[in-house]
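Residues per chain are reported as follows:
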Amino acid sequence: MTAEVKVEEKQVESEVVIASAVVPPVEETTVKAVVEDEVKAVEEVDGSETKVVEKISSFKEESDFFSDLKDSEKKALSDLKTKLEEAIVENTLFRKKKETPVKVVEKKKEVEEKAEDEKKSEAEESPKEEAKTDAVVTEEAKAETTEDVVQKESPKEEVKTEADVVDTKEEVKAEIAEEEKKTEEAVVTKEADVVDTKEEVKAEIAEEEKKSEEAVVTKEATVEQEEEDEIVDNDIELWGVPLLPSKGAEGTDVILLKFLRARDFKVNDAFEMLKKTLKWRKEQKINSVLGRDFGEDLASAAYMNGLDRESRPVCYNVYSVFGNEELYQATFGSEQTRENLLKWRFQLMEKGTQKLDLKPGGVTSLLQIHDLKNCPGPLKKELWVAIKNAIVALQDNYPELVSRNVFINVPFWFYAVSTLLSPFLTQRTKSKFVVPRPANVTETLLKYIPAEEIPVQYGGFKRDDDTEFSKEAVSEVVVKPGSSETIEIPATETEGTLVWDVAVLGWEVNYKEEFVPADEGAYTIIVQKVKKIGSNEGPVRNSFKNSESGKIVLTVDNVSSKKKKRVLYRYRTKTESSC
């Protein structure tokens, strides 16, 4: 019996995408379900033919061909190339232009002029202030004296003697003399205060002049040092691509477009980002990181494995390894070990860029898979600080070198952590985050990676050091609810070995394997008796050595399920000549 594949109806696949809500002015990350409708046309065939798994469209990156750019993008690229050419040729890529010290000197002149204005203003205001003070004090003294006299000379009912009048006059004269003395002392004190104030102003101005001169000398010395230390070679490269536009390297446009896209085609911002990246690489000694040996402990934490549907290298990041307390302390126990972790991560990224073909139409980015199964939680602060630092460093210094970040097997607390990380990420970076539901991990990975390139632990057929398969095509059969389908593998040779891989997305089906001889009178041989396969089961690999011609029949029974099942399979016939 032959497997018949009929036209599949509209298929809905759900995934959770982390994207920031556009709510100004604060950027917030929201987790929303994005339902994608994908229509796959599968031919109805008869005989022994089955339909090969069709390629599902993945993230489409912008074109790097100059002719495909918008007019505004072409202008931005041309402007950036002109700016970069001038900076490299004139050796101003890492330093400010020479007029910077002149601007500082001009600032000094402005300080001097301001000081002169303050002196003049102070000189003009001092006499006025003194006169005003004298007038105020004299007026107050007179007022007080008059008030005392009036009070003392107020008419009363009783008659004063002449002696009393004389005594009163003497007292008034004494009081007036005392007040005049106090007035003179107040004026002298005010004049002394004014003199002191003038001296303080002069001292402050002198101090400012001294600081200004020191600032000018320091600034000029700094610029001279930068000119001496930051000489740029015309052969400067980034990821093996010459940056000097006049050299005409086809990869230069690809590199510059990555920085422009990371900064929304703002030329000055892209140029500053490029300069910072080059300076960061020099400070971190990135070119020497490739040759360092960080030991075997971190080898299983992140590694390159296989290619996606667009031939991009795939990098897997496995966080469960840090659940080992000994490894955790060895990795995050000190500032030095945390620094080594970042350097190791940069090394892995550099190895990934070496696999790229940085030219228009080439493979110019990676696909990142992050497996959070059994990952240490938010309480392991050192881990999440390191992750944040790594994400920010990769975002700022490896722009547009990652096409997607797919997070799988995420725990419930991941969404809270992603919200905390959100302020450190650009909108473009967050738009590339994909988080599938736990039940849809394999199905989501299949959108980006072919089954033969997905590791077996994630539901694919790729095994380490696999000698059984090489480039055999993967086919697919859809089993409708309440029905069963069979897959036939022909055994045309009288002697040989048949090997096959089978995977049912979500499983929860009954499955069996049989060998049916071509001779109608021969008995059917049971290779694998019927068994119920649960949803957590991985792909099945089996083999059968036949002594006569016939066929292997694989039966997938979906009678008890209300959902259709996708069955992926491949096979190979091994003969003595092919072994």
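Rules used in this analysis
Residues numbered from 1 in each chain as written. Predicted model: local features only at pLDDT ≥ 70, side-chain atom pairs only at ≥ 80, totals over all residues. Heavy atoms only, no water. 1 Å grid on protein atoms, 1.4 Å probe; cavity = no way out; pocket = protein on both sides within 12 Å on 5 of 7 lines; lining within 4 Å. Points joined across faces, edges and corners; volume = space filled by probe spheres on them. Helix = DSSP H or I, 4+ residues; strand = E, 2+ residues; numbered from the N terminus. pLDDT = per-residue confidence, 0-100. Contact = heavy atoms within 4.5 Å. Phe/Tyr/Trp six-rings, centres within 6.5 Å; stacked < 30°, edge-to-face > 60°. Buried < 20%, exposed > 50% of the residue type's maximum accessible area, 1.4 Å probe, protein only. Lys NZ or Arg CZ within 6 Å of the ring centre and 35° of its normal. Pairing = 2+ DSSP bridges. Axes fitted to C-alpha atoms, helices over the stretch in contact; angles between N-to-C directions. Core = buried A, V, L, I, M, F, W, Y, C linked by side-chain atoms within 4.5 Å. Domains from an automatic or database assignment.

### Looking at the layout of surface pockets
And step 1. One number sums up the size of the largest pocket: a volume of about 1,000 Å³.
And step 2. Looking at the largest pocket, it is lined by 35 residues, and the ones nearest its centre are Ala-439, Asn-440, Thr-442, Leu-505 and Gly-506.
And step 3. Elements that contribute at least two residues to the lining of the largest pocket include exactly β1 (11-21), α12 (441-448), β12 (496-504) and β17 (565-574).
And step 4. No other element matches α12, which puts three residues into the lining of the largest pocket.

### A short note on the confidence of the model for the protein chain
And step 1. Put simply, the protein chain has an average pLDDT of 76, and 65% of its residues get 70 or more.
And step 2. When the criterion is pLDDT under 50, residues 97-108 qualifies, and its contacts beyond four places in sequence or with other chains add up to 12 contacts.
And step 3. For the stretch residues 128-166, pLDDT sits under 50, and the model shows 21 contacts to residues farther than four places along the chain or on other chains.

### A few points about the packing of aromatic side chains
What describes a pair of aromatic rings is the distance from one ring centre to the other and the angle between the planes of the rings.
And step 1. Overall, the coordinates contain 14 aromatic pairs when judged by the stated rule.
And step 2. Here the aromatic rings of Trp-239 and Phe-259 are separated by 6.5 Å at their centres, their planes lie at 15 degrees, and the arrangement is stacked. One end of the pair, Trp-239, is in the loop between β3 (237-238) and β4 (241-242); the other, Phe-259, is in helix α4 (residues 250-262), and 20 residues separate them in sequence.
And step 3. What makes Phe-259 buried here is its relative accessible area of 0%.
And step 4. Among the aromatic residues, those joined into a ring-pair cluster are Trp-239, Phe-259, Trp-280, Phe-346 and Tyr-398.
And step 5. Above the plane of the ring of Tyr-328 lies Lys-380, whose end atom (NZ or CZ) is 4.6 Å from the centre.
And step 6. Above the ring of Phe-424, the side-chain terminus of Lys-388 is found at 4.6 Å from the ring centroid.

### Structural notes on the sheet that holds strand β15 (residues 540-546)
And step 1. Read from one edge of the open sheet, four strands run β10-β17-β12-β15, paired in antiparallel fashion. What marks the edges here is a single partner per strand, and that holds for β10 (475-479) and β15. Across the sheet, the axes of successive neighbouring strands diverge by a mean angle of 25 degrees, strand direction being ignored.
And step 2. Note that β10 and β17 share five bridges and pair antiparallel. The residue bridging Val-479 from the neighbouring strand is Lys-565, located in β17.

### Comments concerning the nonpolar core
And step 1. Judged by nonpolar contacts, the single largest core of 72 residues is most densely connected at Leu-93, Leu-243, Phe-322 and Tyr-398.
And step 2. Residue contributions to this core reach at least three from each of two domains, namely domain 1 (59-92 + 234-284) and domain 2 (289-449).

### A few points about the environment of Ser-311
And step 1. Among the structural elements, Ser-311 can be located in the loop between β5 (302-307) and β6 (313-318).
And step 2. On a C-alpha basis, the gap between Ser-311 and Leu-366 in space is 9.1 Å, while along the polypeptide they are 55 residues apart.

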